[in-house]
Amino acid sequence: MSGADKTVRLRQNTLTQMQAEVRVPRYDRAALEPHTVHLGVGGFHRAHQAVYLDDLLALEGAPRWGECGLGVLTSDDRMRDVLGAQDHLYTVVERSAGEPVARVIGSMTDFVYAPGERERALERMAAPTTRIVSLTITEGGYFLDEGTGEFLADHPDIQHDLQHPEAAKSSFGLIAEALDRRRVRGLPAFTVMSCDNLQGNGHVVERVLLGYAGLRKPELRDWIAANAAFPNSMVDRITPQTTPADVAFVAQRFGLDDAWPVVTEPFRQWVIEDNFSNGRPEWERVGGEIVADVAPYELMKMRLLNGSHLAMAYLGALKGYTYVHEVMADELFTAFIAAFMEEVTPVVPVIPGTSVTEYKATLIERFKNPTINDQVTRICSEGSAKLPKWLLPSIAELTEKGLPTPLLSLVVASWIFYLGRGVDERGRPLEIVEARAGELRTIASAAGLDPRPLLAVRSIFGERLPADGEFVRRVEVAMRHLASEGVETTLRQALAKAHL
Ligand code: CS2
C-alpha cells in the first residue's frame, strides 16, 4: 500500500469510508454504558486499557462496557477538544520493523473535563452505571513522600480539596467526593484501579485515598475501606508522545485525518489482581492475565524495563541522543543496558512459567524498535518521581544482600550530573522536564561534583541510602568520571570493571 491521495476525517459517520486495512469498531457504540471512568487519558491509556476494552467489545456476546475519559488537569482541555471533535474515536498505530498496523479505537464514548465541569465529573463517577474508576495520573501524581511513604496531607491541593470538597481539584478529592455521594445514596462503591507503574499500585492508591478520606470524615474513610476494592496491576506498553510527524504519517499512510493518534509498539501486557468491588470486564478473553498476586510481575517489569529506561535516559541525553533506538544502536549502550539488567537480576523475582532471560532479550529488542521514535526526553522526565520507584529500591535490596551496585550507582550519578550540568556533551541545552526542576537543579549545580546535597533530599532518597558511605562515594566517583572523561569512557570503564 502506498500513500493516500485524500484523507478521511475521523468521525463515527466516516468509519465506513476508511481504507480496508484500518480496523474500525463494528460494535454498537451508542449502546455502550460508561462503566469505567478513567482519570488521566494520555497516550499510554489510549494505547493500553482502552485497546483491551476495544478488543473485548469486538467479541461475540461482550457486555456493553464502555468508558468515559475524565480530565483532571487544566491542560486536559486539548484532549477534550480533540476527542470531542472526533466522536471520541482515535487511531492506534502499532509500529515495528514490519508493516505498520492501524486501528480505530471505539471504547471511549465521552470525555468530561473536570476543571470546567466539576459537577458533571463528580456525578459521572457517582452514577449507578460507574463500576470502575481507573487512573493513569503518572508516578508523581500520588501525594506520597518517597522517603517515608507517608500521605502528603499538607500539600496545597489536598488542603484545598479538604476545605472545598465540592470543588475538588485533585484526583483524590474528586474520587472521595464521588464515593461519598454513593455512600449517601446507598450505591455500591466502585473499584479504584491504578494503572501507574508503582509497586503495589493498588495499595498505594488505597493508602492515599483512605488518608485523604480520613481527614474529610471518618465515616467516609470507614465506608471506603469496607466497600471499595483496589486491585494491583502491572501494565506495559512503550508509548512515545505523539508528534506532528505521527499525525502526518497516519494521514499519509492510512488516509486518516486524526488530530491526535497514538503510535506504539506491538507488544502489550497487563497483569491484574482479581479484586473488584463492582464487577469488571472479562479482560482474560483478550490477553489480560488475571492472577492472585501481581507483585512479582510488577517488580520484574519496573526493575528491568523502567530501570533500564532510567539507565539509558540521562547518559543518553548527556551523549546527545534524541531517541531511544539511537541510544540502543550504540553498541556500548546496548552492552551497558545488558550489564545493568544482570546487576539487577538478583532482586528480580522468579515467576513460574516466565523466563527472565527471555524477558530481558525481548526488552532489548523492544528498546531497539527503530520506528516508534520513543523520545529520550520522555524517559528522562520526572526523574525525582521515577528513581525512588524503579531504581533506588533495587540498590537498597542488592546492598542488603551484600551484592555490588556499580552500574546502578552510575545511573544515580548520571541523573544528578544531568541536573547540575544542564547541557549535553555537545554543549546543547538539555530539555529538563521535571516538576521539581527549579529546586533540584539549584541544589545540583551549586554542589558541582559533590552528590551529597542532592542525595540529602529525603523526599527522594529517604534516610538509608545517603547514610551508606560506600554508595555515596561510588556516586561521587562516577560523577567525577562523567565530568573528566565523558559518557563513553565512563561507560567503557564501568563495563570493564563489571566484567572482572
Ligand atoms: C517509561 C515508561 O516513563 C518512562 O520513563 O519507562 O513510560 C515505559 O515506557 C512504560 O512503563 C512501558 O510500559
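Look up: the structure comes first, before these words.
Notes on the structure follow. From a predicted model like this one, the values you see are computed outputs, not experimental measurements. (Residues numbered from 1 in each chain as written. Predicted model: local features only at pLDDT ≥ 70, side-chain atom pairs only at ≥ 80, totals over all residues. Heavy atoms only, no water.)

### So, the site of the ligand
The environment of the ligand is formed by N197, D236, R237, I238, K301, L305, N306, H309, R378, I379, K386 and W390. The side chain of N197 places a nitrogen or oxygen atom 3.1 Å from an oxygen atom of the ligand. Here D236 contributes a side-chain N or O atom positioned 2.6 Å from an oxygen atom of the ligand. Only α10 (295-319), α14 (376-380) and α15 (383-390) provide two or more residues apiece to the shell around the ligand. Element by element, the count of residues in the shell around the ligand is highest for α10, at four residues. Here the residues of the shell around the ligand sort into four nonpolar, three polar and five charged. A domain split of the shell around the ligand shows at least three residues from each of domain 1 (8-291) and domain 2 (295-498). (Near = heavy atom within 4 Å. Polar contact = N/O pair within 3.5 Å; in protein donor to acceptor, adjacent residues only side chain to side chain. Helix = DSSP H or I, 4+ residues; strand = E, 2+ residues; numbered from the N terminus. Nonpolar A, V, L, I, M, F, W, Y, C, P; charged D, E, K, R; others polar. Domains from an automatic or database assignment.)

### Points about the nonpolar core
Grouped together as the largest cluster of nonpolar side chains are 95 residues, with contacts concentrated most on F336, I337, F367, L391, V412, W415 and Y418. Looking at this core, the element that brings in the most residues is α10, giving 13 residues. Counting contributing residues per domain, this core is built from domain 1 (8-291) and domain 2 (295-498), each supplying no fewer than three. Core analysis: the next-biggest nonpolar cluster, separate from the first, contains 41 residues, L135, L174, A213 and A228 among them. (Core = buried A, V, L, I, M, F, W, Y, C linked by side-chain atoms within 4.5 Å. Buried < 20%, exposed > 50% of the residue type's maximum accessible area, 1.4 Å probe, protein only.)

### Considering the side chain of R237
Relative to the assigned elements, R237 resides in the loop between β9 (233-236) and α9 (244-254). A polar contact of 2.8 Å, which involves the side chain of R237, links it to the backbone oxygen of A47. The residues touching R237, leaving out its near neighbours within four places in the chain, are F44, A47, H48, V51, V92, E94, T264, E265, P266, F267, R268 and R366. (Contact = heavy atoms within 4.5 Å.)

Keep in mind these numbers describe shape, not what the thing actually does.
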